[in-house]
Amino acid sequence: MSEVETKPSSAEQIEMVDENKVGISGDVPQVATNQYADIYYEALEKYGEDGSIPKDAEKKLKRKLDMRILPLLGVCYFFYYTDKTTLSYAAIFGLQTDLGLVGTQYSWLSSAFYFGWLVWAIPSNLIMQRLPPAYYLAANIFMWSTLLMIQAVSQNFITLMVLRILSGAFEAIADPAFMLITSMYYTREEQPSRISFWYAFNGLGVAGGGMLGFAIGHIKGALASWRYEFLIVGALSASWAILMFFFLPNSPATFLGFTHEEKLMIIGRMRRNQTGIENRTIKWDQVKETVLDYKTWMYFLVGFICNIPNGGISNFSTLVIKGLVHGNTLYTSLLGIPQGVLVVIWIAAGALINERLPSNSRTWVSALFMLPTIAGALGFLLAPTDAYVGRLICFYLTGSYQASFVIFLSVITSNTAGQTKKMLVSGTIWFGACVGNIASPFFYKTDQAPTYHLGIGSLLVANCLELGLFIAFRYAFIWENKKKQRRLANGEFSQRSINATAFADLTDKQNP
């Protein structure tokens with residue numbers, strides 16, 4: 001009787017990872033426990049070697065992923081940022097007068113949005129880990145869109161304040177979800193350009209807000225113009241949320257419109273990232289590691305410092321420009337368009353330069369794009385008050401920091417591993433962003449309008465600190481890599497193949 005080699009079932013071959021055990025040796029693929037373990041194992045078995053995916057097939061797959069994912073994220077980000085600027089445009093169309101806002105009440109309305117975000121940022125990230133991410137994101141988008149429309153009926157400061165706090169809570173998941181989805185379908189090398197693509201719609205949101213503001217300013221209806229701003233933007237955003245619910249993927253294993261073979265290639269490509277893809281179990285050892293990792297708090301500082309300029313520009317850019325064009329509201333709306341177009345150009349230039357430079361240059365690229373915004377802030381502060389065109393150009397230059405931030409977001413997605421840790425680190429940088437956006441409007445004093453010297457000064461100081469942080473991060477990563485190499489040389493890590501750890505849900509500290 002001949003001997004037949006019996007192949008164990010895929011469930012038997014997969015070595016499930018114990019979250020409390022790090023030094024697992026051998027080359028047996030480890031897949032963190034999830035409901036799609038079989039297809040992950042199959043992908044590693046078929047595409048577990050570099051070059052095993054035909055180049056033409058991978059190129060075609062990437063085009064298909066780009067067409068299916070990036071437009072959904074990009075248009076959503078357009079509405080996401082337009083939503084943030086609705087208050088700014090409502091301000092030039094009479095919101096402050098109609099609601100009787102006095103003193104710092106407008107600044108409080110600007111910050112209120114981020115109080116909701118601040119409270120809900122971390123819990124929302126942990127909830128997303130437990131749920132299908134695309135469904136959770138779409139539901140939150142629909143809710144914030146609904147609340148934006150309701151803001152149109154506000155009759156006083158308190159009502160609008162409460163609605164903006166609630167809107168901020170629902171919007172807290174957007175950026176972390178976008179980062180998560182990008183990291184689930186694209187390799188480390190591909191992530192900067194893809195993040196840059198959807199983040200560039202931020203600039204289109206600025207330009208689109210200007211065009212919408214101009215159009216809405218011509219509406220002669222039963223309502224005040226600023227109320228139409230909330231209704232129209234909210235309705236468009238809610239409609240897009242419904243499309244995202246049906247078409248944005250929750251997992252590579254269930255991506256509608258992709259064949260089984262294409263799903264295997266998607267998963268096989270991700271093995272190189274060594275950051276895992278999906279696991280819906282919150283791991284408390286990863287929570288502890290996140291809190292104790294000094295880089296987590298550096299990420300918080302980046303979010304905080306970068307968004308001191310952002311909070312002011314988002315809510316006061318129209319008022320600054322209005323002061324430069326002698327109060328003409330329609331010209332103010334139109335002059336917001338070049339500001340948005342320049343943001344798109346900055347982000348596109350950052351992605352292009354990053355692709356042309358050697359690998360591991362992202363911190364240098366981020367530092368490079370801080371220079372125009374620093375120059376712009378200095379020019380705005382030092383130029384004569386009657387140099388309106390020159391000061392407007394300087395103000396436009398301040399948007400280059402957005403290219404720095406978007407390139408740096410890809411540093412986070414490609415250098416943070418472990419699903420729970422990724423959720424928390426992502427939540428932490430946006431938690432810092434909340435604090436920065438809350439603080440920022442209070443640097444723009446009403447009695448300093450339209451020059452807002454303190455506000456532009458805060459932008460300048462924050463940009464200089466941010467430049468220093470990018471350089472500090474570069475040397476922190478170099479030190480961390482050298483430390484890992486020493487630990488490998490000393491035998492502190494077990495020798496394992498790339499496949500053995502690709503989907504094991506190990507953190508960046510646990511995985512050499």
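Scroll up a little and you will see the structure.
The numbers attached to residues start from 1 for each chain and follow its sequence in the written order. A pLDDT threshold of at least 70 governs which residues receive local features in this predicted model, and a stricter bar of 80 or more applies before side-chain atom pairs are shown or counted, although totals over entire chains, interfaces and linings include all residues. Where side-chain values are given, they derive from all heavy atoms of the structure, hydrogens and water being excluded.

Student: How do you make sense of the nonpolar core when you look at a structure like this?
Tutor: One broad trend across soluble globular proteins is that nonpolar side chains are buried collectively. Grouped together as the largest cluster of nonpolar side chains are 88 residues, with contacts concentrated most on Leu65, Trp117, Leu137, Tyr185, Trp198, Met244 and Leu409. Considering every element that reaches this core, the biggest residue donor is helix 3 (residues 55-92), with 11 residues. A contact between two residues is defined here by any heavy atoms of the two lying within 4.5 Å. Beyond its immediate stretch of four places on either side in the chain, Leu409 contacts Met179, Ile195, Tyr199, Ile429 and Trp430. Definition used in this section: a nonpolar core is a set of buried Ala, Val, Leu, Ile, Met, Phe, Trp, Tyr and Cys residues joined via side-chain atoms within 4.5 Å. Whether a residue is buried, partly exposed or exposed follows from its accessible area with a 1.4 Å probe, protein chains only, as a fraction of its type maximum: under 20%, in between, or over 50%, in that order. Core analysis: the next-biggest nonpolar cluster, separate from the first, contains 20 residues, Ala90, Phe93, Leu148 and Phe157 among them. Strands here mean DSSP runs of E at least two residues long; helices mean DSSP runs of H or I at least four residues long; both are numbered from the N terminus.

Student: For this particular structure, what's the right way to read unusual backbone geometry?
Tutor: Outside of glycine, negative phi angles account for most residues, and trans bonds account for most peptide bonds. Phi is positive for Asn360, which is not a glycine, with a value near 65°. Structurally, Asn360 can be placed in the loop between helix 14 (329-356) and helix 15 (362-368).

Student: Honestly, the pattern of salt bridges in this entry has me stumped. Any pointers?
Tutor: Side chains carrying opposite charge are able to pair once their charged atoms draw close together. For salt bridges, the criterion is a side-chain nitrogen of Lys or Arg within 4 Å of an Asp or Glu carboxyl oxygen. Taken as a whole, this structure holds 12 salt bridges when the rule is applied. In this structure, Glu262 engages Lys64 in a salt bridge whose closest nitrogen and oxygen atoms are separated by 3.0 Å. In this pair, Glu262 sits in helix 11 (residues 260-270) while Lys64 sits in helix 3, placing the two residues 198 residues apart along the sequence. In the salt-bridge network here, residues are joined through shared partners; they are Glu289, Asp293, Lys295, Lys421, Glu480 and Lys483.

Student: Sorry if this is basic, but what is going on with a nonpolar patch on the surface here?
Tutor: Each patch is built from residues that are more than 30% exposed by relative accessible area and take part in no salt bridge. Like charges join if they lie within 9 Å; nonpolar side chains (Val, Leu, Ile, Met, Phe, Trp, Tyr) join within 5 Å. The accessible surface values rely on the Shrake-Rupley method and a 1.4 Å probe; as for residues, cover is taken only from the protein chains in view. A cluster of nonpolar side chains, contributed by Tyr135, Phe142, Met143, Ile242, Leu243, Phe245, Phe246 and Phe247, occupies part of the molecular surface with about 740 Å² of accessible area. Taken together, the elements giving at least two residues each to the nonpolar patch come down to helix 6 (133-150) and helix 10 (225-247). For the nonpolar patch, the leading source of residues is helix 10, giving five residues.

Student: When you look at the packing of helix 5 (residues 105-130) against helix 8 (residues 174-185) in this model, what are you seeing that I'm missing?
Tutor: Angle between the axes and distance between the axes are the two parameters that describe a pair of packed helices. Closest axis-to-axis distance for the helix 5/helix 8 pair is 9 Å, and the angle between their directions is 30°. The angle between the axes of helix 5 and helix 8 places the two elements in the roughly parallel class. As for how helix 5 packs across helix 8, the hand of that crossing is right-handed. Contacts between helix 5 and helix 8 involve Trp117, Asn125 and Met128 on the former and, on the latter, Asp175, Pro176, Ala177 and Leu180. Side-chain classes follow a simple rule in which Ala, Val, Leu, Ile, Met, Phe, Trp, Tyr, Cys and Pro form the nonpolar group, Asp, Glu, Lys and Arg form the charged group, and the remainder, Gly included, forms the polar group. For the contact of helix 5 with helix 8, the residue count by class is five nonpolar, one polar and one charged. Angles shown run from 0 to 180 degrees and are taken between the N-to-C directions of axes, each axis being a line fitted to C-alpha atoms and, for helices, limited to the stretch in contact. The labels follow the angle: roughly parallel below 35 degrees, roughly antiparallel above 145, roughly perpendicular from 65 to 115, and oblique for the rest. If you view the pair so one helix is near and one far, a crossing is left-handed when the near helix is turned anticlockwise from the far one by less than a right angle, and right-handed when it is turned clockwise.

Student: What is the right way to read the environment of Ala174 from this model?
Tutor: One can find Ala174 in helix 8. Note on Ala174: relative accessible area 0%, which makes it buried. Counting along the chain gives 50 residues from Ala174 to Ser124, while the straight-line C-alpha distance between them is 10.0 Å. Once you skip the residues sitting within four places of it in the chain, Ala174 turns out to touch Tyr80, Leu137 and Trp144.

Student: Mind showing me how you'd approach the packing of helix 3 against helix 7 (residues 157-171) here?
Tutor: For the pair helix 3 and helix 7, interaxial distance at closest approach is 13 Å and the crossing angle is 165°. As judged from the angle between their axes, helix 3 and helix 7 are roughly antiparallel. Handedness of the crossing formed by helix 3 with helix 7: left-handed. Contacts between helix 3 and helix 7 involve Tyr80, Asp83, Lys84 and Leu87 from the first element and Leu160, Arg164 and Glu171 from the second. Tallied by class, the residues present in the contact of helix 3 with helix 7 amount to three nonpolar, no polar and four charged.

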